[in-house]
Amino acid sequence: MTSKKVDDFSNDSTAHRLKVLHIIWSAKSGGIERLVYSLLNELQKDDTIKVDILIGQAKGVSMKEMIGNPTIHLGYFNSGSDLRWGHISKTKKFFEHYDILHFHTFHLGTAIAAILSKKRVCFTEHGNFGFGKKKGKVFFIVEFFKKIFLNHFSDVITFNSDFSRSISEKRYGLQKVDHTVVYNGVAETEPSVVALPERDIEKLIKDKFVIAFVGRLAGVKRIDRLIRAISFIQERSDIVLLIMGVGPLEAELKALTKVLDVEHNVYFAGYRSRIHTYISICDIFILPSQNEAFGLVVVEAYSEGKPVLVFNDGGGAAELVNAIEPGMIVKNEEELAKKIIEIKINPEARNKLNVEKRILYSKKFRIKTMADKFKEIYSSI
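Being a predicted model, the structure only gives us computed values, none of them experimental.

### Things to note about the pattern of salt bridges
Taken as a whole, this structure holds 20 salt bridges when the rule is applied. For arginine 34, the salt bridge is made with glutamate 300, and the minimal N-O distance between the two is 3.1 Å. Pair noted here: arginine 34 is in helix α1 (residues 31-43) and glutamate 300 is in helix α10 (residues 296-303), with a separation of 266 residues, a long-range link. For arginine 34, a relative accessible area of 26% corresponds to the partly exposed category.

Structure (structure tokens):
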């Protein structure tokens, strides 16, 4: 892995290859960033394509799990409101080295640079619609310019689910621009990667019925609904809920476990990089999100053969579960608690037949399938 400032770019004798630059905003270790890097690692296996990644915010690379060869370029912008002409101009000149700009986020500065570069644009809407957040004046200003960029300066727009497509069509129109759904893909995990969990979790889960959640501790994830569901279970001494992730609501959620007297059943494990390891040791995976754009962790749980519970307002996550096990979609916290008990006392949901069905379904969402679809899109614009 290499990283450089954008003005350090130099030709690398790849004139015969299609040059595609993927653009994200920051280097945080989130779901979108993890997905984009997996996609790049898959795309670079094709020697007819040269792929790089630009991180718009010039604050260094913190994605420690990044592996592979795509070059990471660090942008000039210091914040989302940084619209200094010098930074836009330098970014525009950098964009001119590429054939296609593949945006995975919207930032006005990089969007202006793309327009000025006159390069072909593929924009992927990952479903960051601001659900669960307070929306101020800045949000609506950004949405106004994003609508213009999508409708007038994008060659093709892709969505990670029908849910994301539906919301985008209502919000941005998109009647005159090509757009399609390209489902997210999961990189296949080598057997050696799925190792034993750390000692703290290994001790915690011994002889317990294990429920797992993986994700950012933020509003859209609605982890409060999951914690309340646990509190509705009368006999829960042998139940443990592993919450793996970090985020702005961590303190609030920890306080909720104390208020509901479930702090002994809920373990905040923080950020864990080996997701498959922790999914593989759970009995059931729950994604309590509201308006989730896709729910990559649902596919990851299915790849381990695990039953997944979601809410009927779960957006893309409910879309995934409905296609294979609609009985695993609940309406409220009380129904979720009943479903947990049902699965706990009746292991039918974990039998071999259902495990094989889930694993087979997960194979529809391979990262290779996603990469192949984007290669088709690149060749068409």
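Picking up after the structure, the text goes on.
### Some thoughts on the nonpolar core
One finds Ile211, Ile243, Phe285, Leu309, Leu336 and Ile340 to be the most contacted residues of the largest nonpolar core, which totals 86 residues. Dropping the residues within four chain positions of it, isoleucine 211 is found in contact with Ile230, Ile239, Val240, Leu241, Leu242, Ile284, Ile286 and Ile340. In this structure, Trp25, Phe77, Phe123 and Ile157 belong to the second largest nonpolar core, which totals 25 residues.

### With respect to the environment of glycine 86
Along the chain, glycine 86 turns up in helix α2 (residues 85-95). Residue class for glycine 86 comes out partly exposed when judged on its relative accessible area of 36%. Placed 10 residues apart in sequence, glycine 86 and tyrosine 76 show a C-alpha to C-alpha distance of 9.1 Å.

### Quick look at the packing of α1 against helix α14 (residues 367-380)
Put simply, α1 and α14 touch, their axes get as near as 9 Å, and they point 75° apart. Here α1 lies roughly perpendicular to α14, going by the angle between them. Across the interface between the two elements, Leu35, Ser38, Leu39, Glu42 and Leu43 from α1 touch Ile367, Lys368, Met370, Ala371, Phe374, Lys375 and Tyr378 from α14. Its residues assigned to classes, the contact of α1 with α14 shows 8 nonpolar, 1 polar and 3 charged.

### Observations regarding unusual backbone geometry
One non-glycine residue, lysine 118, lies in the positive phi region at around 60°. Among the structural elements, lysine 118 can be located in the loop between α3 (108-117) and β6 (120-125). Positive phi values are uncommon outside glycine, yet asparagine 291 reaches one of about 60°. Secondary-structure assignment places asparagine 291 in the loop between β12 (284-287) and α10. Overall, asparagine 291 belongs to the partly exposed group, its relative accessible area being 22%.

### Looking at the packing of aromatic side chains
By convention here, two paired aromatic rings are described through the distance between centres and the angle between planes. For the structure on display, the rule yields 14 aromatic pairs. On the basis of an interplanar angle of 90° and a centroid distance of 5.3 Å, the ring pair of phenylalanine 139 and phenylalanine 140 is categorised as edge-to-face. When the centroid spacing of 5.3 Å and the interplanar angle of 75° are considered together, the rings of phenylalanine 144 and phenylalanine 145 count as edge-to-face. Feature note: the residues Phe95, Phe103, Phe106, Phe123 and Phe149 constitute an aromatic cluster, connected by ring pairs.

### Some words on the pairing of strand β10 (residues 239-244)
Here β10 lies mainly inside the structure; 6 of its 6 residues are buried. Every second residue of β10 is oriented toward a common face, with Ile239, Leu241 and Ile243 on one face and Val240, Leu242 and Met244 on the other, all of them buried. With 6 bridges connecting them, strand β9 (residues 209-214) and β10 associate as parallel partners. From the neighbouring strand, phenylalanine 213 faces β10, where its bridge partner is isoleucine 243. By the bridge criterion, 4 bridges tie β10 to strand β11 (residues 266-270) in an arrangement that is parallel.

### Overview of the packing of helix α7 (residues 223-231) against helix α12 (residues 333-345)
The description of two packed helices rests on the angle between their axes and on the distance between the axes. With their axes 8 Å apart at the nearest point, α7 and α12 run at an angle of 60° to one another. Relative to α12, the element α7 is oriented oblique. For the pair α7 and α12, the crossing hand works out as right-handed. Of α12, the residues touching α7 (which contributes Arg225, Leu226, Arg228, Ala229 and Ile230) are Glu333, Leu336, Ala337 and Ile340.

### What to know about helix α4 (residues 137-152)
In this model, α4 (16 residues) spans 23 Å end to end at C-alpha, consistent with the 22 Å of a helix rising 1.5 Å per residue. Along α4, the residues classified as buried are Glu143, Lys146, Phe149, Leu150 and Asn151. On the buried face of α4, the contacting elements are β5 (100-103), α3, β6, β7 (156-159) and α5 (162-172).

### Looking at the sheet that holds β11
Strands sit in the order β11-β10-β9-β12-β13-β14 across an open sheet of 6 strands; the sheet is parallel. The open sheet terminates on both sides in strands that have one partner only, identified here as β11 and β14 (329-330). Relative to the sheet, α7 contacts β9, β10, β11, β12 and β13 (308-311), its axis offset from that of β10 by approximately 170°. Strands β9, β10, β12, β13 and β14 of the sheet are contacted by α12, whose axis makes an angle of about 170° with β13.

Thresholds, definitions, all that
Residues numbered from 1 in each chain as written. Predicted model: local features only at pLDDT ≥ 70, side-chain atom pairs only at ≥ 80, totals over all residues. Heavy atoms only, no water. Salt bridge = Lys/Arg side-chain N within 4 Å of Asp/Glu carboxyl O. Helix = DSSP H or I, 4+ residues; strand = E, 2+ residues; numbered from the N terminus. Buried < 20%, exposed > 50% of the residue type's maximum accessible area, 1.4 Å probe, protein only. Core = buried A, V, L, I, M, F, W, Y, C linked by side-chain atoms within 4.5 Å. Contact = heavy atoms within 4.5 Å. Axes fitted to C-alpha atoms, helices over the stretch in contact; angles between N-to-C directions. Parallel < 35°, antiparallel > 145°, perpendicular 65-115°, else oblique. Nonpolar A, V, L, I, M, F, W, Y, C, P; charged D, E, K, R; others polar. Phe/Tyr/Trp six-rings, centres within 6.5 Å; stacked < 30°, edge-to-face > 60°. Pairing = 2+ DSSP bridges. Left-handed = near helix turned anticlockwise from the far one by under 90°. Expected span 1.5 Å × (residues − 1).

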